[in-house]
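Report on the structure
For reference, the chains in residue letters:
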Amino acid sequence: MISKGGSEALLQTLVDTARSASPDSDILLPLFRLLAKVGLRDKKFGQKALESEALDVTLILARKNLSHSQNLLHCLWALRVFASSVTTGAMLGINGAMELLFKVISPYTRKHTRTIRAATEVLAALLKSKSNCRRAVNRGYVTSLLRLHQDWHSHDVTNTYVLIRHGLLLCLRHIVTLRSGREAFLAAQGMETLFSIAQTCLENKSVEPVISAVIQILRQCYPESPLPLVTARSAYTFPAPGSSSSGPPQGLAEEDFEDDGDEEMDKDSDAEAVKEDDDLETDMSKLSPNPGFDLPEEELARYAVMCPELSYNFEELESKYGDDLNIKATPFANHHHIPSVASLRQQCFNKEHSSWGQESEDTDHISILHLVKGGKSSIRPSSKQRPLMNENQSIQQNGFGIDSSGHDASDDSQASLEQAAWDIEAISCPTITASFSNFTMSEEGNEAAEKLLHTHPRNTPFHDPHLYMANAMRTRSAVGFKMMALPDLWGHCPPTTAQPMLDRKLGVQRIKILEDVRRLLQPSDVINKVVFSLDEPWLLQGPASSCLRFQSKFESGNLRKAIQVREFEYDLLVNADVNSSQHQQWFYFKVSGMRSAVLYRFNIINCEKPNSQFNYGMQPTLYSVKEALLGRPAWIRTGSEICYYRNRYRRNAAAMDGASGKHYYTLTFAVTFPHNDDACYLAYHYPYTYSTLMTHLEILERNIDPRQVYFRQDVLCQTLGGNPCPLVTITAFPESNSAEHLEQFRCRPYQVITARVHPGESNASWVMKGTLEFLVSNDPVAKLLRENFVFKIIPMLNPDGVINGNHRCSLSGEDLNRQWLIPQAHLQPTIYHTKGLLHYLSSIGKGPVVFCDFHGHSQKKNVFLYGCSMKETLWQAGCTVGGSALLEDVSYRMLPKILDKLAPAFTMNSCSFLVEKSRASTARVVVWRELGVSRSYTMESSYCGCNQGPYQGLQFGTRDLEEMGAMFCLGLLILELKSARCSHKLLARATALLNADALDHYLQRKAKRMDIRRRRKQETT
């Protein structure tokens, strides 16, 4: 009807009927009802009404029928549709529509409530126009609306007229989008009025629309302010090559802040922000292979030293071990220190074990195959059968105070701590020296610490505190850290059970917003005292201080400022990335001087991301020094009443630097500490420092069996900060130094794995840790992988960022994963030389079968892969798929499909193979496009946990992440078995090994194909 001119006909009928000598209500009323329905579907209805003069006619009829409720109601329905167009609404405002509506909207009454409700809806629609909002402010309607709402709220005790109250609030909501509207609202004591209303009915679900509107208005009108910092720039600086800034950064000025405008609305969605289709790359020249980074041959030749396995003749091995290099009967010194991933996991989950150090006699025979998704292992399901933790429970429920046998050790522990008389403050953050001799503690405490330090390696595989200290002394930071965090020095033993996701308390975000408003309106109990600041180091609190003490000047630490708000509440600000004014998300700091059984609240007020898994069950991590000294060194998930929301602090224009969003966000959480006067560390996620990595690599190299594992650690390059970036090569030695075996050795295909290009994604390092430990283990799958591949691994692409507590950037203030197109050796050395190494391998015919860059993801759950597909990208963008795309190799989907079958934490549903314009300079896209690696991936691991599979409802622990690293390796083996180049020898060995039910279908299909080929070959012969 609309397409045939029905709207115009109806509007003309309305005008003609209304202008007749005696308008017939029997025609007008059904006509108005019909117009109200048609208008909802006609996008140009308001303009048509304006052109046909139906607006004026309807306003005249409404004025004539002010005392006739039924006729007036029908006029209001039509006006509501007309006002849906902002232009038409502005014209109605000029013609006095708002004055008319205020005659209809009366104080509380039980008469004509349908008409009053319709009038509030029309007024709210009119106020979508800014000109009408200004008119309402100038005529004092803000005060009138507040009084009307207060009157209806106070009299509507049965909540019968919630929709009328909501309509009045919606009018205010539109008005306060203007600065003048907010000023009028504040002058009319609107904050106090609505805050009081919210306090009285916050728990009443029947007034949900009212509470929602009140919260929106309070957030909109809360006075904005800059962050309480001297500058948005990082507190740390580094003279990066080519840096133009020499003086100290300027402070925040009022003119730096953006002015009036509509506010962005928060979107609580448990997913990434939906990518716009216009970000998809549709230029075929940018999707087609395009070899770049053309280095001269002499430049490429430099990378040959990073591949010595290709020229090594292994003659010295013959003299050392004899002709047979594959010696299996002779025991080797320390190779049993490298257990399989499965054995480690079994060790920790087996209820029969009474201590961390014990191992079952059968652990050497446990393979990773027992951990595949749908396999026979009952380890993980049993962990889900324990009672769930209550969010307000503290000591035992947080994982503290329970020894390995389940005994409540809290009483004995506290007595032991008191007897030892340790100086917790000194132990918790030791200075970087060769021993504990500089600790200011009693002689007994010194002996106890030395004893614990001596016995600690037994409890933490692949960690040595003495070795860690030696590596920390060599690590260079931008500010020259002098202290170490005890969790990194002492090590981490994961808890024996997984922790469930935290159930979000209903209405917790509203409660926190109202607490912020209360701080503004009722400041009598607000202390507002700065207790820690990198910008003001003299503010460090002494031991006698009654407030908490904070520290973050250690490797990977990040806390810039702490402000005591109330006795047990603190506002915290994290540091921006070095040489940057952005990327405040990662935090890692020490807090001490607490009382046990007291609920402390921490508000990190300058987060940048618009949403977080903290809203969907994720908790921060905590490490207690006293628990560690009592033999339970572990990072655990902790915190209750967790919420992540937009706050009142506005980002200045200079700091945004093109970033989206106008405000900062607050992460708020409450913690109950397990001990009095403890020292605890809190972090965004399980920390993994550069010194930890170097220690780990050194221990791996010391403890492998060199006759079976070729493990070589080289230096890829020096970083801007002067730290070596390690390059690890893992494979198996040839069976002998015969020409045949050496040829087989040098023909092995390559796999390239990288991680930690973004420093705040520490979960990527834990996945990498699992990959490294698995590849050098005695697991039969690992042996097969070593014998058939050469692994080139760069476990930390951004050491400087990790060291200095950055979230995303290097010391140059750049996101290194946006520098792969044209990296520069003097600014992005790790990216430049990684790309150079990949080009060298490609130039000698050794391009990687798989390239994978490990990352962490803050807004999704599970583990998943991002890959690259020309065809899928063009299809998603709605473009015509050309011949080159139709011929695309679809093998890029094979590895994620395999992992979806194998790994409990992995899900295919979250994988994506689209190529976006904004990702054109990332490792995944550049390696795919320039090197022609069809299986070029980014593997994303959630900071939170899983919402599917065997781990559904559980947060990730470090063991889960390490297990994922091992599962990735298993996936590479299955991928090789499914490839056309798989040898019959490998297939036979794998078939004998991989006999788990979950893997049968992979092998059966491959075996059938091989049998068919063999029979055809025999027939041909």
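Every chain is numbered independently, its residues counted from 1 as its sequence is written. Thresholds applied to this predicted model are a pLDDT of at least 70 for local features of residues and 80 or more for the giving and counting of side-chain atom pairs; totals over whole chains, interfaces and linings are not thresholded and use all residues. Think of the side-chain values as coming from all heavy atoms in the structure, minus any hydrogens and water.

**Side note on the overall build of the protein**
To be explicit about the condition: A run of H or I in DSSP becomes a helix once it reaches four residues, and a run of E becomes a strand once it reaches two; helices and strands are each numbered from the N terminus. We call a residue buried when its accessible area falls under 20% of the maximum for its residue type, exposed when it is over 50%, and partly exposed in between, using a 1.4 Å probe and counting protein chains only. Two residues qualify as a contact provided that any one of their heavy atoms is within 4.5 Å of a heavy atom in the partner residue. Areas reported here follow the Shrake-Rupley algorithm with a probe of radius 1.4 Å; residue values treat only the protein chains shown as occluding.
When its secondary structure is counted, the protein shows 40 helices and 18 strands. Residue burial in the protein is summarised as follows: out of 1021 residues, 58% are buried. Of the contacts formed within the protein by residues at least 6 apart in sequence, a portion of 78% connects residues at least 24 apart. Approximately 41,400 Å² of the protein is accessible, and the part contributed by carbon and sulfur atoms is 50%.

**Quick look at the sheet that holds strand 14 (residues 750-755)**
Stated precisely, the cut-off is as follows: For two strands to count as paired, DSSP must find a minimum of two bridges between them. Angular values range over 0 to 180 degrees, each being the angle between N-to-C directions of two axes fitted as lines to C-alpha atoms, with helices fitted over their stretch in contact.
Sheet architecture is open: seven strands sit in the order 12-13-15-14-16-18-17, paired in mixed fashion. Both edges of this open sheet fall to strand 12 (710-718) and strand 17 (863-866), since each of them pairs with a single strand only. When the angles between neighbouring strand axes are averaged without regard to direction, this sheet yields 20°. By the bridge criterion, five bridges tie strand 14 to strand 15 (residues 790-794) in an arrangement that is parallel. Paired with Gln 751 across the strands is Phe 791, a residue of strand 15. Across the face of the sheet, helix 37 (residues 923-931) comes into contact with strand 16 (850-857), strand 17 and strand 18 (936-942) while running at roughly 165° to strand 18.

**Some words on the packing of helix 33 (residues 829-843) against helix 37**
For clarity, the cut-off: Oblique is the label for any angle not covered by the other classes, which are roughly parallel (under 35 degrees), roughly antiparallel (over 145) and roughly perpendicular (65 to 115). What makes a crossing left-handed is the near helix being turned counterclockwise from the far one by less than a right angle; a clockwise turn instead makes it right-handed. Each residue is assigned to one of three groups, with Ala, Val, Leu, Ile, Met, Phe, Trp, Tyr, Cys and Pro labelled nonpolar, Asp, Glu, Lys and Arg labelled charged, and all others, Gly among them, labelled polar.
At their nearest, the axes of helix 33 and helix 37 sit 12 Å apart, and the two run at 30° to each other. As judged from the angle between their axes, helix 33 and helix 37 are roughly parallel. Seen along the crossing, helix 33 lies across helix 37 with a hand that is right-handed. Here helix 33 contributes Lys 835, Leu 838, His 839 and Ser 842 to the contact with helix 37, which in turn contributes Val 926, Val 927, Glu 930 and Leu 931. Here the contact of helix 33 with helix 37 is built from residues that sort into four nonpolar, two polar and two charged.

**What about the pairing of strand 18?**
In terms of burial, strand 18 is a largely internal element, seven of the seven residues being buried. By the alternation rule, side chains of strand 18 split into Ser 936, Thr 938, Glu 940 and Ser 942 and Tyr 937, Met 939 and Ser 941, which are all buried. With seven bridges joining them, strand 16 and strand 18 adopt parallel strand pairing. Across the sheet, the residue bridging to Phe 854 is Met 939, located in strand 18. As judged from the four bridges shared by strand 17 and strand 18, these two strands associate in the antiparallel manner. For Tyr 866, the partnering residue across the bridge sits in strand 18 and is Thr 938.

**Description of the confidence of the model for the protein**
Our working rule: Known as pLDDT, the predictor's per-residue confidence is scaled from 0 to 100.
Across the protein, the average pLDDT comes to 82, with 77% of residues at or above 70. The lowest-confidence element of the protein is helix 19 (residues 379-383), averaging 38 in pLDDT; the highest-confidence one is strand 14, averaging 98. In this model residues 245-275 is a low-confidence stretch, pLDDT under 50, and it forms 66 contacts with partners more than four residues away in sequence or in other chains. Scored below 50 in pLDDT, residues 318-365 shows 99 contacts in the model against residues more than four places distant or in partner chains.

**Some points on helix 12 (residues 179-187)**
To be explicit about the condition: By arc we mean the arc of the directions from the helix axis to the C-beta atoms, nothing more.
Within helix 12, burial applies to Gly 181, Arg 182 and Phe 185. In an axial view of helix 12, the angular spread of the buried residues amounts to 100°, which keeps them on one side of the axis. In helix 12, the exposed residues that point more than 90 degrees away from the buried face are Glu 183 and Ala 187. Here the buried face of helix 12 lies against helix 9 (130-138), helix 10 (141-155), helix 11 (162-175), helix 13 (190-201) and helix 14 (208-221). Phi turns positive one or two residues past the end of helix 12, at Gln 189, with a value near 60°.

**Things to note about the sheet that holds strand 5 (residues 588-592)**
Taking strand neighbours across the sheet as the criterion, the five strands line up as 2-5-11-7-8 in an open arrangement whose pairing is antiparallel. Taken across any chain shown, the strands that pair with only one partner, and hence form the sheet edges, are strand 2 (549-551) and strand 8 (635-637). Ignoring which end each strand starts from, the neighbouring axes of this sheet average 30° apart. With three bridges joining them, strand 2 and strand 5 adopt antiparallel strand pairing. Bridge pairing in strand 5 links Gln 551 to Lys 590.

**Observations concerning the packing of aromatic side chains**
Note the cut-off: Pairing of aromatic side chains here covers Phe, Tyr and the six-membered ring of Trp, requires ring centres within 6.5 Å, and sorts the geometry by plane angle: under 30 degrees stacked, over 60 edge-to-face, intermediate tilted. A ring is scored as having a charge over it whenever the NZ atom of a lysine or the CZ atom of an arginine sits within 6 Å of its centre and within 35 degrees of its normal.
Counting across every chain of the model gives 35 aromatic pairs. For the ring pair Tyr 684 and Tyr 943, a centre distance of 4.9 Å and an interplane angle of 85° mean the geometry is edge-to-face. Highlighted residues: Tyr 684 in the loop between strand 11 (679-683) and helix 28 (690-703) and Tyr 943 in the loop between strand 18 and helix 38 (958-977), separated in sequence by 259 residues. Both residues of the pair, Tyr 684 and Tyr 943, count as buried. Positioned above the aromatic ring of Tyr 303, the side-chain terminus of Arg 302 is 5.9 Å from the ring centre.

**Remarks on the side chain of His 855**
Quick note on the threshold: A 3.5 Å cut-off defines polar contacts: any pair of N or O atoms within that distance qualifies, except that in protein one atom must be a possible hydrogen donor and the other a possible acceptor, and neighbouring residues in sequence count only when both atoms are side-chain atoms.
Mapped onto the elements of the fold, His 855 is located in strand 16. Under the relative-accessibility criterion, His 855 is labelled buried at 3%. At 2.7 Å, the side chain of His 855 and the side chain of Asp 853 are in polar contact. Residue contacts for His 855: discarding those within four places in its chain leaves Val 757, His 758, Glu 761, Ala 764, Asn 817, Thr 938, Met 939, Glu 940 and Ser 941.

**Observations regarding the packing of helix 5 (residues 69-82) against helix 8 (residues 113-126)**
At a closest axis distance of 9 Å, the pairing of helix 5 and helix 8 adopts a crossing angle of 20°. On the basis of the axis angle, helix 5 is roughly parallel to helix 8. Crossing of helix 5 over helix 8 shows left-handed handedness. Where helix 5 abuts helix 8, its residues Ser 69, Leu 72, Leu 73, Leu 76, Trp 77, Leu 79 and Arg 80 lie against Arg 114, Thr 115, Ala 118, Ala 119, Glu 121 and Val 122. Of the residues contributing to the contact of helix 5 with helix 8, the split by class is eight nonpolar, two polar and three charged.

**Quick notes on the environment of Phe 968**
Mapped onto the elements, Phe 968 comes out in helix 38. We classify Phe 968 as buried; its relative accessible area is 0%. Sequence separation of Phe 968 and Ile 898 is 70 residues, and the distance between their C-alpha atoms is 9.4 Å. Look past the residues within four positions of Phe 968 in its chain and what remains in contact with it is Ile 753, Val 850, Cys 852, Phe 854, Leu 895, Leu 899 and Met 939.

**What to know about the pairing of strand 15**
Within strand 15, five of the five residues are buried, which leaves the element mostly enclosed by the surrounding structure. Burial of strand 15 is two-sided: the residues Val 790, Lys 792 and Ile 794 facing one way and the residues Phe 791 and Ile 793 facing the other way are all buried. Here strand 13 (residues 724-731) pairs with strand 15 via three bridges, running antiparallel. Residue pairing in the sheet places Thr 729 in a bridge with Lys 792 of strand 15.

**Examining the nonpolar core**
Operational definition: As used in this record, nonpolar core signifies buried Ala, Val, Leu, Ile, Met, Phe, Trp, Tyr and Cys residues forming a set joined through side-chain atoms within 4.5 Å.
Residues Phe 550, Phe 602, Tyr 681, Ile 730, Leu 785, Phe 854 and Phe 968 are the most contacted members of the largest nonpolar core, which totals 145 residues. By residue number, the principal contributor to this core is helix 38, which donates twelve residues. Ignoring sequence-local partners within four residues, the contact set of Ile 730 consists of Val 709, Tyr 710, Phe 711, Leu 772, Leu 775, Val 776, Arg 786, Phe 789, Val 790, Phe 791 and Ile 793. Formed by 88 residues, the second largest nonpolar core is a distinct cluster that contains Ala 62, Trp 152, Leu 168 and Cys 643.

**Considering the pattern of salt bridges**
Rules: A side-chain nitrogen of Lys or Arg and a carboxyl oxygen of Asp or Glu constitute a salt bridge if their distance falls within 4 Å.
By the definition in use, this model includes 35 salt bridges. Among the ionic pairs, Arg 80 bridges to Glu 121, the shortest N-O distance being 2.5 Å. You can see Arg 80 sitting in helix 5 and its partner Glu 121 sitting in helix 8, a full 41 residues away along the chain. Residue Glu 121 is classed as partly exposed on the basis of its relative accessible area, which comes to 27%. Connected via shared salt-bridge partners are Arg 518, Arg 519, Asp 525, Arg 566, Glu 569 and Asp 571.

**Digging into the environment of Cys 747**
Residue position: Cys 747 is located in the loop between helix 29 (739-746) and strand 14. The partly exposed category is assigned to Cys 747, whose relative accessible area is 48%. Along the chain, Cys 747 and Gly 845 lie 98 residues apart, while their C-alpha atoms are 9.9 Å from each other.

**Remarks on unusual backbone geometry**
Its identity as a non-glycine residue notwithstanding, His 112 has a phi of 50°, on the positive side. Inspection of the secondary structure puts His 112 in the loop between helix 7 (97-104) and helix 8.

**Some points on the side chain of Gln 828**
Following the sequence through the fold, Gln 828 ends up in the loop between helix 32 (799-803) and helix 33. Reaching out from Gln 828, the side chain makes a polar contact with the side chain of Glu 814 at a distance of 2.8 Å.

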